[in-house]
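Structural overview for review
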Amino acid sequence: MPPPPWTLTGRGVVALTPRGVLMLVRYATSPVGPYDELLWAAPSRTPAGWRPQVRSIVVSTRESVVWGRRNWGIPKRLARFAWVGGERAVEVRVTASDGTEVARLGYEVGSWRVPVTTSLLPSPLRTLAQPGLDGAGGWLLTTLEATGHVTPARLAVGHLRGLLPAPPHAHPLLAVGVPEFRLRFPAPDRRATGTKKPPFRAVIEKG
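Reference entry: report on the structure contained in this document. Position numbers for residues start from 1 in each chain and track the written sequence from start to end. A pLDDT threshold of at least 70 governs which residues receive local features in this predicted model, and a stricter bar of 80 or more applies before side-chain atom pairs are shown or counted, although totals over entire chains, interfaces and linings include all residues. Hydrogens and water are ignored here; the side-chain numbers use all heavy atoms of the structure.

1. Remarks on the overall build of the protein chain
Helices and strands together make up the secondary structure of the protein chain, namely two helices and 14 strands. Put simply, the radius of gyration uses C-alpha atoms, and a globule should come to 2.2 Å times the residue count raised to 0.38. The C-alpha atoms of the protein chain give 17 Å as radius of gyration, which agrees with the globular expectation for 207 residues (17 Å, within 12%). Buried positions account for 46% of the 207 residues belonging to the protein chain. We call two residues in contact whenever any of their non-hydrogen atoms come within 4.5 Å of each other. For the protein chain, contacts bridging at least 24 residues in sequence account for 59% of all contacts bridging at least 6. Here the protein chain has roughly 10900 Å² of accessible surface; of this, 58% comes from carbon and sulfur atoms. With 27 positive and 13 negative side-chain charges, the protein chain shows a separation of 7 Å between the mean positions of the two kinds. A run of DSSP states H or I qualifies as a helix once it reaches four residues; a run of E qualifies as a strand once it reaches two. Both are numbered from the N-terminal end. Only protein chains enter the accessibility calculation, which uses a 1.4 Å probe; a residue whose area is less than 20% of its type maximum is buried, one above 50% is exposed, and one in between is partly exposed. Exposure was quantified through the Shrake-Rupley algorithm and a 1.4 Å probe, taking into account, for residues, occlusion by the shown protein chains and nothing else. Charged-residue counts in this description rest on Lys and Arg as positive and Asp and Glu as negative, His and the chain ends being excluded. To locate a charge, take atom NZ for lysine, CZ for arginine, CG for aspartate or CD for glutamate.

Right, dumping it as structure tokens:
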């Protein structure tokens with residue numbers, strides 16, 4: 001499997017919740033092929049300071065599980081995704097390998113689109129900080145780059161009980177549809193546990 005950086009394309013929905021961000025994504029292309037994903041990320045205190053961290057995530061292919069965990073410390077688990085509807089109105093049921101329902105969601109997206117890019121965000125807001133998994137130790141800091149279009153959306157969350165840990169207060173405050181995007185995952189910056197973050201001024205200058 002090719003090492004990072006990886007480039008992925010697809011579509012999805014992103015929702016802001018009281019305690020983080022919920023994302024439902026269908027990747028059309030990636031180095032491990034197409035796959036589906038449901039994740040919850042929240043701000044966390046890390047050796048680099050406060051950064052977004054993926055807390056819960058399920059994906060639809062084993063290859064995505066293996067390489068997501070190995071390359072970036074993303075705690076992926078395997079699940080099945082059943083999609084009903086078209087591109088603008090969809091219901092999604094996510095189940096574990098034993099048939100237990102992980103989540104149930106539905107969304108509707110608008111028709112008009114606005115271009116967006118993550119380059120407008122400060123680096124700390126788009127840098128994932130993940131603790132090493134499967135005995136790796138330390139932390140992996142990955143600054144993401146993405147471009148695409150967004151549109152107004154409504155996301156209805158039936159439940160997320162099978163996401164572990166389950167997101168608290170997962171009622172969406174604001175949601176946007178992402179009808180198409182291009183996402184780049186570079187190689188992470190690996191840091192030992194306990195590494196001190198740089199001074200605040202240095203972070204601002206770097207960001």
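2. Topic: a nonpolar patch on the surface
Residues forming no salt bridge and having over 30% relative accessible area are the ones grouped into patches, like charges within 9 Å of each other and nonpolar side chains (Val, Leu, Ile, Met, Phe, Trp, Tyr) within 5 Å. Basic side-chain nitrogens of Lys or Arg form a salt bridge, by our definition, when they fall within 4 Å of a carboxyl oxygen of Asp or Glu. Together, Leu-16, Leu-173 and Leu-174 make up an exposed nonpolar region whose accessible area comes to about 310 Å². Position of Leu-16 relative to the elements: it lies in strand S1 (residues 6-17). Using a relative accessible area of 43% as the deciding quantity, one classes Leu-16 as partly exposed.

3. Details of the pattern of salt bridges
Summed over the entire model, instances satisfying the criterion amount to eight salt bridges. Of the charged contacts in the structure, one is a salt bridge between Asp-134 and Arg-69, with a shortest N-O distance of 2.9 Å. Taken as a pair, Asp-134 in the loop between strand S10 (127-131) and strand S11 (139-143) and Arg-69 in helix H1 (residues 62-72) lie far apart in primary sequence, 65 residues in all. You can call Asp-134 exposed: its relative accessible area is 62%. Among the residues examined, Arg-69 registers a relative accessible area of 23% and is labelled partly exposed. A salt bridge links Glu-101 to Arg-104, with the shortest nitrogen-to-oxygen separation between them at 2.6 Å. On the basis of relative accessible area, Glu-101 is assigned to the partly exposed category, the value being 21%.

4. Observations regarding the environment of Glu-87
Secondary-structure assignment places Glu-87 in the loop between strand S6 (80-85) and strand S7 (89-95). With 76 residues separating them in the primary sequence, Glu-87 and Arg-11 have C-alpha atoms 9.3 Å apart. Ignoring anything within four residues of it in the chain, the contact list for Glu-87 reads Arg-11, Tyr-107 and Val-109.

5. A short note on the sheet that holds S11
Pairing between two strands requires that DSSP report at least two bridges joining them. In spatial order, the strands read S10-S11-S14; together these three strands make up an open sheet with antiparallel pairing. Lying at the two open borders of the sheet, with one neighbouring strand each, are S10 and strand S14 (189-191). Going from strand to strand, the sheet's axes swing by 20° on average, the running direction of each strand aside. Pairing of S10 with S11 involves five bridges; the strand directions are antiparallel. By the bridge assignment, Thr-127 is partnered in S11 with Thr-143. Lying over the sheet, H1 contacts S10, S11 and S14, oriented at roughly 100° with respect to S11. The axes used here are C-alpha line fits, helices contributing only the stretch in contact, and every angle between their N-to-C directions lies in the interval 0 to 180 degrees.

6. Thoughts on the pairing of strand S3 (residues 35-46)
Of all 12 residues in S3, 10 are buried; the element is thus mostly enclosed. As paired elements, strand S2 (residues 20-29) and S3 share seven bridges and run antiparallel to each other. Bridging across to S3, Val-21 finds its partner in Ala-41. Joining the antiparallel neighbours S2 and S3 is a turn of five residues, in which Gly-33 adopts a positive phi near 85°.

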